[in-house]
Amino acid sequence: MTELLLGTKKGLFVLEGDAGAGEFEIRARAFPGEPVDFAMRDPASKRVLATVTSPFYGPKIWFTDDPAGEWTQAEGVALPEGSDEALERIWVIVPGDGGTLWAGGDPGVLFESRDGGQSWELNRALRRHRIDDNWQPGGGGLCLHSIVPWPGEPDKLSLAVSAAGVWHTDDHGETWRRGNQGIAPRYLPEEAREGATQLCVHRMERSPSMPERMFILFHWGVYRSDDAGQSWTEIGEGLPSDFGFPIALDPADPDSAYVIPLKGDFDRVTPDGNVCVYETRDAGATWTPRGEGMPDRDAYLTVLRRAFDRTGEGRALQLYFGATSGDVFGSGNAGETWFTAATRLPPVFSVTASA
Amino acid sequence: MALVCLHGPLRNLAGGCATQEVSGADVKSVLRGLEDLHPSVSGWILDERGTIRRHINVFVNGERGGEETTVAVGDRVEVLPAITGGT
């Protein structure tokens, strides 16, 4: 059985189903009426964590052993008292090595938990960069949305911020350095692109089987890095558009990536009303459309940056994504064919899958 | 002491009590006093800057107030979610 945790504008939906049969059903709903930005099941503790941004009471992280039961509010999810800005939102929670959990949010903040998500501590070194460098927000705020640990190296971590680019640490967050060489922000005048730091990364992933291989979706541009995120090469040629938000990788194949192109920043919908995922198996040299089973006309979907996830690998790779239309699509065969996992849900903000 | 009236989840966080007697000379100090009495309330009404969250309204004796609104003994301080918060 596969479990999908869907963060939506109106609560958390827990779906359970069989990717082979293509059938999923709603098993639980939590935080009814509240915007749930992200939810994940911690592989270490098996606990479910959800980030909820109440429009009234602000952002919180909650955790539970049973999503249909009681939830407990985590401690420490705030900026230091007396700050000149407030925590706006938690975008993502990612498991690190050794039971550590990382959480990223707006305004460009990173938190760490060493007790399975019960309590969190702000990373002050990164916070210092945000203050000293005066990071600029993107359209979705100053969001730290991508956190990619290095498998087997708990002190190495990379993250991406919109719009403050890519950052790396080799000492568990004591110090940070940028990693943006080769990224060309087309939204800046040509003469201002070299050395620019206002870099709107949409999402970043690292290949588990070759950690120095990384991919990013940028605000125009798909990029690959072969040197652990120090320099980047454009690989978007062959896509109907190189604008999009989420990206997913096959853990078994470092040359693989899946993206969902949108028409552009002027019209953030699936091009020509055709819902299609694009797959590369040669590190971005070529792209193959994978849309069988999904609407190929009259479907103008918006897929947000955290609304695409995978579980499994190789030919058994399962892929799932949700749209702001409330539709959720899945594939149990690495994108070869697709099924509708859910429809008529509230706008989907995030999808995480586990089997 | 002012009488703080709570609604919705704030009431649960304050131990289920609809009203609380809290001392303080202005709205902010009353709300900080409420947090001292019930630490679970911290971060729900005032943010890290000490500002009342954008979609929460605080009324003192029926009139909308801010952090610095003066509060006297016996005043009624009501904390309510604003109609602007939901979409």
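Only a predicted model underlies this, so the values are computations on that prediction, with no experimental measurement involved. (Residues numbered from 1 in each chain as written. Chains lettered and ligands numbered in written order. Predicted model: local features only at pLDDT ≥ 70, side-chain atom pairs only at ≥ 80, totals over all residues.)

**Describing the overall build of chain B**
Using the following cut-off: Secondary structure elements follow DSSP: runs of H or I of four or more residues count as helices, runs of E of two or more count as strands, with numbering from the N terminus. Only the C-alpha atoms count toward the radius of gyration. The rule for a globule is 2.2 Å times the residue count to the power 0.38. The contact criterion used here is simple: two residues whose C-beta atoms, placed from the backbone, lie within 7 Å are in contact.
Looking only at helices and strands, chain B has two helices and five strands in total. Each helix and strand of chain B, placed in order from N terminus to C terminus, yields the pattern β-α-β-α-β-β-β. Scaling as 2.2 N^0.38, a compact globule of 87 residues should have a C-alpha radius of gyration of about 12 Å, and chain B matches this with 12 Å. Along the first, second and third principal axes, the C-alpha atoms of chain B reach 35 × 25 × 25 Å. Taking all contacts inside chain B whose residues are at least 6 apart in sequence as the whole, residues at least 24 apart take part in 48%.

**Description of the overall build of chain A**
Heads up, the condition is: Put plainly, a residue is buried at 20 or more neighbouring C-beta atoms within 10 Å of its own, exposed at 12 or fewer, and partly exposed in between, counting only other residues' C-beta atoms, which are placed from the backbone.
Of regular secondary structure, chain A possesses one helix and 28 strands. For chain A, the C-alpha radius of gyration of 19 Å lies close to 20 Å, the compact-globule estimate for 355 residues. In terms of overall dimensions, chain A has a C-alpha envelope of 55 × 50 × 40 Å along the principal axes. The proportion of buried residues among the 355 residues of chain A is 50%. The contacts in chain A between residues at least 6 apart in sequence include a share of 50% that link residues at least 24 apart.

**Notes on the sheet that holds strand β9 (residues 101–106) of chain A**
Residue and element names in this part refer to chain A. Where we set the bar: Two strands qualify as a pair provided DSSP detects at least 2 bridges between them.
Spatial strand order, β8-β9-β10-β11: four strands in an open sheet with antiparallel pairing. Only two strands of the sheet have a single neighbouring strand rather than two, namely β8 (89–95) and β11 (121–122). Alignment of strand β10 (residues 109–113) against β11, held across two bridges, turns out to be antiparallel. Bridge assignment links F111 to a residue of β11, and that residue is L122.

**Quick notes on the sheet that holds strand β4 (residues 36–41) of chain A**
Sheet strands associate in pairs through backbone hydrogen bonding, adopting either a parallel or an antiparallel arrangement. If you trace the four strands from one edge of the open sheet to the other, you get β4-β5-β6-β7 (chain A), paired in antiparallel fashion. Edge positions in the open sheet fall to β4 and β7 (72–73) of chain A, since each of these has one partner strand only.

**Digging into unusual backbone geometry**
Residues and elements named next belong to chain A. In this model, D106 is joined to P107 through a cis peptide bond whose omega is 15 degrees. Mapped onto the secondary structure, P107 falls in the loop between β9 and β10. In this structure, A163 follows S162 across a cis peptide bond, with omega equal to 10 degrees. Positive phi outside glycine occurs at H172, with the angle close to 60 degrees. Tracing the sequence through the fold places H172 in the loop between β14 (165–169) and β15 (177–178). Phi angles above zero are rare outside glycine, and A228 is one such case at about 65 degrees. The residue A228 is located in the loop between β18 (222–225) and β19 (233–234) in this model. Judged by C-beta crowding, with 17 C-beta atoms within 10 Å, A228 ranks as partly exposed.

**Regarding the nonpolar core**
The condition is simple: In this description, a nonpolar core means buried residues of the types Ala, Val, Leu, Ile, Met, Phe, Trp, Tyr and Cys, linked to one another by C-beta atoms lying within 7 Å.
In this structure, L6, L12, A50, I216 and V351 of chain A are the most contacted members of the largest nonpolar core, which totals 102 residues. The dominant element in this core, judged by the number of residues it contributes, is strand β17 (residues 214–218) of chain A, at five residues. Excluding residues that lie within four positions of it along the chain, A50 of chain A makes contacts with L12, A30, F31, V36, A39 and W62 of chain A. Core analysis: the next-biggest nonpolar cluster, separate from the first, contains 23 residues, A14, V22, L46 and V60 of chain B among them.

**A look at the interface of chain B and chain A**
Quick reminder of the rule: Only Asp, Glu, Lys and Arg are considered charged in this grouping, and only Ala, Val, Leu, Ile, Met, Phe, Trp, Tyr, Cys and Pro are considered nonpolar; every other residue, Gly among them, is considered polar.
Listed as interface residues are 12 residues of chain B and, on the opposing side, 12 residues of chain A. Residue composition of the side of chain B that touches chain A, by class: four nonpolar, four polar and four charged.

**Details of helix α2 (residues 27–37) of chain B**
All names here are of chain B. Note the cut-off: As used here, the arc is the angular range of directions from the helix axis to the C-beta atoms.
The set of residues buried in α2 consists of V27, K28, V30, L31 and L34. Seen end-on, α2 carries its buried residues on one side only, within an arc spanning 165 degrees. Where α2 is buried, its residues contact β1 (2–5), β2 (19–22), β3 (56–60), β4 (63–65) and β5 (76–81).

**Observations regarding the environment of R27 of chain A**
In this structure, R27 of chain A sits in strand β3 (residues 23–30). Taking the C-alpha atoms as reference points, R27 of chain A and V14 of chain A, 13 residues apart in sequence, are found 5.5 Å from one another.

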